[in-house]
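Below, each chain spelled out in residue letters.
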Amino acid sequence: MIELRNLSKSFVTADGPVDALKHVNLTIRDGDIYGIIGMSGAGKSTLVRCINMLERPSEGAVLLDGTDLSSLDKKQLREMRHRVTMIFQSFNLLMQRTCLHNVMLPLRLAHMPKQEAEARARALLETVGLPDKANAYPAQLSGGQQQRVAIARALATNPSVLLCDEATSALDPKTTHAILELIREINRKMGITVIVITHQMSVVQEICNRVAILENGTVVEEGDVSAVFSNPRAKATRSLVYPEMADMDAVTRVRGQAVRITFHGAAAADKPLIASMAMERSIAASILNASTRTVGDKVYGYMLLDIPGGPDVLAEAVKYLSAEPDVSVQVEANYGVNSGEEVSE
């Protein structure tokens, strides 16, 4: 288990001090595929470098199975980095070495006999689907193949934690999906805890079971991916999950009575709820915006509605919509019933 306790990191620059991380508290359980997401400058890369002590925190602690990593000496840190390995956006392979020797490198540095290291490296290339590329050089491989070699190298020391720092950002969507499938399979078969650093919510959606959203060095939201997708609370989260909602405040000011409905599963999303409200309650609603997506075997999404007719009609609409299972309702206008509050049943 990894625990981040009151973790802060500051840098001194020519323009003065910069607080990259501010009092971050997270618990990452064994076996999780845990996403840490945020826009550029949110502090994601600093956070992952603090987890493996490439950056020393200014305050707070990083605990691995109860051990404070900042208390380790250089030798102990080297041993810890055999347990907590990392893959990068740029792959970081040695271009002058074959794929086999790239995978063997951490084993040889750990003084494993050459024959044993070679056997393990070949087995790992088999694991990542590249048994025929042992004698190839990185420049002869595609980006996805290079990342597979990097994953094999990261697995060489039998780690318990794999850090993925924007590991698929340089890849096309089809290759990204294949790499994420490989990481999920490694997590499932080997029980390795995976921490995914990304700015792409689609990556979190596809592979992670828990997620934390960073904004300006602070965790603004954290929880199960399904819960965060079904009801994003922080503004930064809503912008990442449903980018179409970025202009919602402007829409609200213009239309006056905007209501956000969030669907928590396929049954809710499939029902013609708005048409039913019109027929049963004679309440018309204009759909200003809508988006749905699939997480696992469930469909999540939202609709942004304009409800004409004044506060009484708005109250009746909120009551009707909130009575539906797996639906939450939030009035986005600055007046009316339960303004700015979520209503759910």
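Each chain carries its own residue numbering, running from 1 in the written order of its sequence. The predicted origin of the model limits local features to residues at a pLDDT of at least 70 and limits the giving and counting of side-chain atom pairs to 80 or more, whereas totals for whole chains, interfaces and linings rest on all residues. Water and hydrogen atoms were dropped before computing side-chain values, which therefore reflect all heavy atoms in the structure.

Looking only at helices and strands, the chain features 13 helices and 15 strands. In the chain, which comprises 345 residues, the proportion classed as buried is 49%. What makes two residues a contact is simply this: any of their non-hydrogen atoms within 4.5 Å. Counted over contacts in the chain with a minimum sequence separation of 6, partners at least 24 positions apart contribute 65%. Accessible surface area values rest on a Shrake-Rupley calculation with a 1.4 Å probe, where residue burial reflects the displayed protein chains alone. For the chain, the computed accessible surface area is about 16,100 Å², with 49% contributed by carbon and sulfur atoms. Only runs of H or I of at least four residues qualify as helices and only runs of E of at least two qualify as strands under DSSP, and these elements are numbered from the N terminus. The buried label goes to any residue with under 20% of its type's maximum accessible area, the exposed label to any with over 50%, and the partly exposed label to all in between, with areas taken from a 1.4 Å probe on protein chains only.

Here we take up the sheet that holds strand β4 (residues 59–64). One requirement defines pairing of two strands: DSSP has to find at least two bridges between them. Sheet architecture is open: four strands sit in the order β2-β1-β4-β5, paired in antiparallel fashion. Where the open sheet ends on each side, the last strands, each with one partner, are β2 (16–28) and β5 (67–68). Where strand β1 (residues 2–13) meets β4, five bridges bridge the pair, whose relative direction is antiparallel. Bridge pairing in β4 links Arg5 to Ala61. Axes here mean lines fitted to C-alpha atoms, for a helix over just the part in contact, with angles spanning 0 to 180 degrees between N-to-C directions. Docked against the sheet, helix α1 (residues 44–51) engages β1, β2 and β4, running at close to 120° with respect to β1.

Moving on, we get to the side chain of Thr85. Checked against the element boundaries, Thr85 lands in strand β6 (residues 84–88). Take Thr85: its relative accessible area is 10%, and that puts it in the buried class. Apart from residues lying up to four places away in sequence, Thr85 is in contact with Ala154, Thr157, Pro159, Val161, Leu162 and Leu163.

Let's shift gears to the packing of helix α3 (residues 99–109) against helix α4 (residues 114–127). In helix packing, the relevant descriptors are the interaxial angle and the interaxial distance, both defined with respect to the helix axes. At a minimum axis distance of 9 Å, the contact between α3 and α4 shows a crossing angle of 130°. Accordingly, the angle class assigned to the pair α3 and α4 is oblique. Handedness of the α3/α4 crossing: right-handed. Counting all contacts with α3, which are made through Leu100, Val103, Met104, Leu107 and Arg108, the residues of α4 involved are Lys114, Ala117, Glu118, Arg120, Ala121, Arg122, Leu124 and Leu125. When grouped by side-chain class, the residues that make up the contact of α3 with α4 number eight nonpolar, no polar and five charged. Here the word oblique covers every angle except those under 35 degrees (roughly parallel), over 145 (roughly antiparallel) and from 65 to 115 (roughly perpendicular). For a crossing to be left-handed, the near helix must be turned anticlockwise from the far one by less than a right angle; the clockwise case is right-handed. Note on residue categories: nonpolar means Ala, Val, Leu, Ile, Met, Phe, Trp, Tyr, Cys or Pro, charged means Asp, Glu, Lys or Arg, and polar means any other residue, Gly included.

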